Amino acid sequence: MIELIDVNFDYTDFKGEKKELLKDISFKIDEKERVVLLGINGSGKSTLLKILDALVFPKSGSYFYKGTKIGKRGFKKISRSFRKEVAFLMQDPNMLLFNATVKEEIEFGLRQFGFDDIESRVVDIAKRFGLEKYLDIPPFYLSGGEKQRVALASLIAIEPEVLLMDEPSANLDPPTTGWLVDLLNDMDITTVISTHNLSLAPEFGDRVLVLSDEHRLIFDGSLEEFVENRELMMEAKLLHKHRHKHGPVEHTHFHLHDWE
Ligand SMILES: Nc1ncnc2c1ncn2[C@@H]1O[C@H](COP(=O)(O)OP(=O)(O)OP(=O)(O)O)[C@@H](O)[C@H]1O
Ligand SMILES: [Mg+2]
């Protein structure tokens, strides 16, 4: 369904220096696969998801979606069907909320893509996402987690085939995170979810793609295999180190609090 071949992405900063953000990234994702994208801050997770959502295009290499090459040239022709099929929950939900009320927010995509029964669809989706009481409120007034739910509800309303999510649990409390995991389990669509939270990774999928801080794909395989490989974990810097005090004794060692 999705194939990246030797994808590179870079940008030129204000000093005119070229910075590489993704280096020679290749992978395939099958229909209905659930993939977790792991990497530390700045490794390129959001950039990679933006490429998968065709918000930016590879500088070199190729991106194929259902066999069609996705690039600047020719994208206009397929953009409508692509935008209907591929949904992207951005890291910051504020980027996705621009309507006057939650109801209009959810209606927006449904109208754009010509759905019928918009009223009843909004009611259904609001119920599913626990948003009934917010329907007439501006999204702007909501908490971070509530905004996240509105943004996700608006995306799921248009019944996408691929759901890209950038750190979806960052704003969510434990019960809402549990609810999100259940929702995703019930959906049975292709998902690519970025996180640097190893304890949540197994809830989002069995296959992990791991980006290093050098912006390379250093692992593509099962999560279990990855966490057992200390060298790769160190390279990905997904272990953390901090000081401990036990009475008068202080020492430092690596941690992986969240994986059992
Ligand atoms: N257009 C741009 N101009 C300047 N810097 C950029 C641009 N796009 C990305 N970057 C830089 O590229 C690097 C990778 O960014 P990206 O947002 O993809 O990382 P990330 O893995 O999603 O990080 P996080 O976990 O913090 O969300 C960062 O250092 C970021 O500052
Ligand atoms: Mg990011």
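Residues numbered from 1 in each chain as written. Chains lettered and ligands numbered in written order. Predicted model: local features only at pLDDT ≥ 70, side-chain atom pairs only at ≥ 80, totals over all residues. Heavy atoms only, no water.

S.K.: Please set out the overall build of the protein residue by residue, giving values where relevant.
M.R.: Secondary structure summary: the protein contains 9 helices and 12 strands in total. Over its C-alpha atoms the protein spans a radius of gyration of 20 Å, differing by no more than 12% from the 18 Å that the globule rule assigns to 260 residues. Oriented by its inertia axes, the alpha-carbon framework of the protein measures out at about 65 × 50 × 40 Å. Within the protein, residue pairs in contact and separated by at least 24 positions form 62% of the contacts whose partners lie at least 6 positions apart. With the model as given, the accessible surface of the protein reaches about 13600 Å², and the carbon-plus-sulfur share is 49%. Charge separation in the protein, taken as the distance between the mean sites of 34 positive and 44 negative side-chain charges, equals 6 Å. (Helix = DSSP H or I, 4+ residues; strand = E, 2+ residues; numbered from the N terminus. Rg over C-alpha atoms; globule rule 2.2 N^0.38 Å. Contact = heavy atoms within 4.5 Å. Areas by Shrake-Rupley, 256 points an atom, 1.4 Å probe, with all protein chains shown as cover. Lys, Arg positive; Asp, Glu negative; His and termini not counted. Charge placed at Lys NZ, Arg CZ, Asp CG, Glu CD.)

S.K.: With reference to specific residues and values, describe the pattern of salt bridges.
M.R.: Summed over all chains, the structure comprises 16 salt bridges. The salt bridge partner of K19 is D13, with a shortest N-O separation of 3.1 Å. Judged by relative accessible area, D13 falls into the buried class, the value being 12%. Notably, a salt bridge pairs K66 with E161, separated by 2.7 Å at the nearest N-O pair. With K66 in the loop between strand 4 (60–65) and strand 5 (68–69) and E161 in the loop between helix 5 (144–157) and strand 7 (162–166), the pair connects residues that are 95 residues apart, well separated along the chain. Overall, K66 belongs to the partly exposed group, its relative accessible area being 43%. Relative accessible area serves as the criterion here: at 30%, E161 is assigned to the partly exposed category. Sharing partners across several salt bridges, the network here consists of K103, E107, R111 and E119. (Salt bridge = Lys/Arg side-chain N within 4 Å of Asp/Glu carboxyl O. Buried < 20%, exposed > 50% of the residue type's maximum accessible area, 1.4 Å probe, protein only.)

S.K.: Can you lay out the site of ligand 1 for me, pointing to particular residues and giving the numbers?
M.R.: For ligand 1, the full set of nearby residues is Y11, L21, I40, N41, G42, S43, G44, K45, S46, T47, Q91 and H196. Take N41: an N or O atom from its side chain is 3.0 Å from an oxygen atom of ligand 1. Within the complex, 61% of the 650 Å² of free accessible area of ligand 1 lies under protein. When residues in the shell around ligand 1 are grouped by element, the largest group, 3 residues, is from helix 1 (residues 45–52). Residues that form the shell around ligand 1 fall into these classes: 3 nonpolar, 8 polar and 1 charged. (Near = heavy atom within 4 Å. Polar contact = N/O pair within 3.5 Å; in protein donor to acceptor, adjacent residues only side chain to side chain. Nonpolar A, V, L, I, M, F, W, Y, C, P; charged D, E, K, R; others polar.)

S.K.: Tell me about the sheet that holds strand 2 (residues 18–29), residues and numbers included.
M.R.: Overall, antiparallel pairing links the 4 strands, which are arranged 2-1-4-5 in an open sheet. Edge strands, defined here as strands with exactly one partner in the open sheet, are strand 2 and strand 5. For strand 1 (residues 2–12) and strand 2, the ladder comprises 8 bridges, and the chain directions are antiparallel. Bridge pairing links V7 to I25 in strand 2. On top of the sheet, helix 1 reaches strand 1, strand 2 and strand 4; it is set at about 60° to strand 2, its chief contact. (Pairing = 2+ DSSP bridges. Axes fitted to C-alpha atoms, helices over the stretch in contact; angles between N-to-C directions.)

S.K.: I'd love a proper account of helix 5, names of residues and values included.
M.R.: Taking 1.5 Å of rise per residue, 14 residues should cover 20 Å, and helix 5 covers 20 Å from first to last C-alpha, within 8% of that figure. Most of helix 5 sits inside the fold, with 13 of its 14 residues counted as buried. Positioned one or two residues after helix 5, E159 has a phi angle of 50°, which is positive. (Expected span 1.5 Å × (residues − 1).)

S.K.: I'd like a description of the coordination of the magnesium ion (ligand 2), backed by residues and values.
M.R.: The coordination sphere of the magnesium ion (ligand 2), as far as protein atoms go, consists of S46 (OG) and Q91 (OE1), spread over 2.0 to 2.4 Å. With S46 in helix 1 and Q91 in the loop between strand 6 (86–89) and helix 3 (102–112), the pair connects residues that are 45 residues apart, well separated along the chain. (Donors = N, O, S within 2.8 Å, 3.2 Å for Na, K, Ca; no water.)

S.K.: Tell me about the packing of helix 5 against helix 6 (residues 174–187), residues and numbers included.
M.R.: Relative orientation of the contacting elements helix 5 and helix 6 amounts to 10°, with a least axis distance of 13 Å. In terms of orientation, helix 5 and helix 6 fall into the roughly parallel class. Contacts from R149, L152 and I156 of helix 5 reach helix 6 at T176, W179, L180, L183 and M187. Looking at the contact of helix 5 with helix 6 residue by residue, the class counts come to 6 nonpolar, 1 polar and 1 charged. (Parallel < 35°, antiparallel > 145°, perpendicular 65-115°, else oblique.)

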